[in-house]
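# Observations on chain architecture
The lines below spell out each chain.
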Amino acid sequence: MMNLELQVREKSNQNVNKCLQCLKCSSGCPIASWMDYKPNQINRMIQMGDKDRVLCSSVIWLCVGCQTCLTRCPMQIDIPRVMDTLREIAIKEKIPSKQPNVTMFHQLFLNSVKRWGRAHEVELIGLFKLKSGNLFQDMQAGQQMFLKGKLNIFPEIIKDKKAVKQMFKRSK
Ligand code: SF4
Ligand code: SF4
């Protein structure tokens with residue numbers, strides 16, 4: 001079986017072997033304090049072939065893709081793309097997510113885009129709350145957004161839903 005470093009390189013076109021372990025990525029990451037491993041540690045574990053630990057980590061699901069790390073990296077390693085690739089590999093290899101709610105949110109978001117052409121927030125929030133059981137979390141913020149017209153009850157219809165369907169088909 002192909003080792004993780006090669007898998008990552010092939011899928012993301014990123015060479016984590018270039019990592020200098022300078023920690024600029026991790027020290028700038030806005031969610032580093034919630035991560036079980038920091039981005040530089042993930043790079044190191046990929047280099048060392050510690051596939052299980054990388055794919056079972058919570059950081060691959062917590063990374064929000066903000067690109068701060070990429071902007072700061074002297075070697076221009078695209079860590080958000082590496083994280084996306086690791087998520088993809090973990091799903092393919094059926095490794096249970098350490099952050100099931102985050103994984104579920106990703107799936108619901110994609111389903112919504114597939115259905116409407118863009119995310120329908122009210123549906124997305126409703127389904128997420130039902131499935132996660134966090135029914136009353138962030139109620140106040142939701143109410144305020146609704147009153148200020150930030151949440152539409154009905155989905156926005158896009159012109160070319162067919163193109164979106166084709167895009168999903170091609171990505172399989
Ligand atoms: S893209 Fe991910 S790893 Fe990089 S700084 Fe943002 S959250 Fe952290
Ligand atoms: S900033 Fe780049 S080179 Fe430095 S530790 Fe992070 S990934 Fe490695």
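Please refer to the structure higher up on the page.
The following paragraphs examine the structure supplied in this document. What you see is a predicted model; the values in this text were computed from it and never measured.

Our next topic: the pattern of salt bridges. For the structure on display, the rule yields nine salt bridges. For glutamate 5, the salt bridge is made with arginine 9, and the minimal N-O distance between the two is 3.0 Å. Here the residue glutamate 5 and the residue arginine 9 both occupy positions in helix α1 (residues 4-12), the gap between them amounting to four residues, near one helical turn. When its relative accessible area of 34% is taken as the criterion, arginine 9 is described as partly exposed. The shortest N-O distance in the salt bridge between lysine 11 and glutamate 88 comes to 3.7 Å. Note that lysine 11 is positioned in helix α1 and glutamate 88 in helix α7 (residues 79-92), a separation of 77 residues in sequence.

Right, let's get into a positive patch on the surface. Taken together, Lys114, Lys161, Lys165, Lys169 and Lys172 make up a surface patch of like positive charges. For the positive patch, the element with the most residues is helix α11 (residues 161-170), which contributes three residues.

About the thresholds
Residues numbered from 1 in each chain as written. Chains lettered and ligands numbered in written order. Predicted model: local features only at pLDDT ≥ 70, side-chain atom pairs only at ≥ 80, totals over all residues. Heavy atoms only, no water. Salt bridge = Lys/Arg side-chain N within 4 Å of Asp/Glu carboxyl O. Helix = DSSP H or I, 4+ residues; strand = E, 2+ residues; numbered from the N terminus. Buried < 20%, exposed > 50% of the residue type's maximum accessible area, 1.4 Å probe, protein only. Patch = residues over 30% accessible without salt bridge, like charges linked within 9 Å, V, L, I, M, F, W, Y side chains within 5 Å. Areas by Shrake-Rupley, 256 points an atom, 1.4 Å probe, with all protein chains shown as cover. Lys, Arg positive; Asp, Glu negative; His and termini not counted. Charge placed at Lys NZ, Arg CZ, Asp CG, Glu CD.

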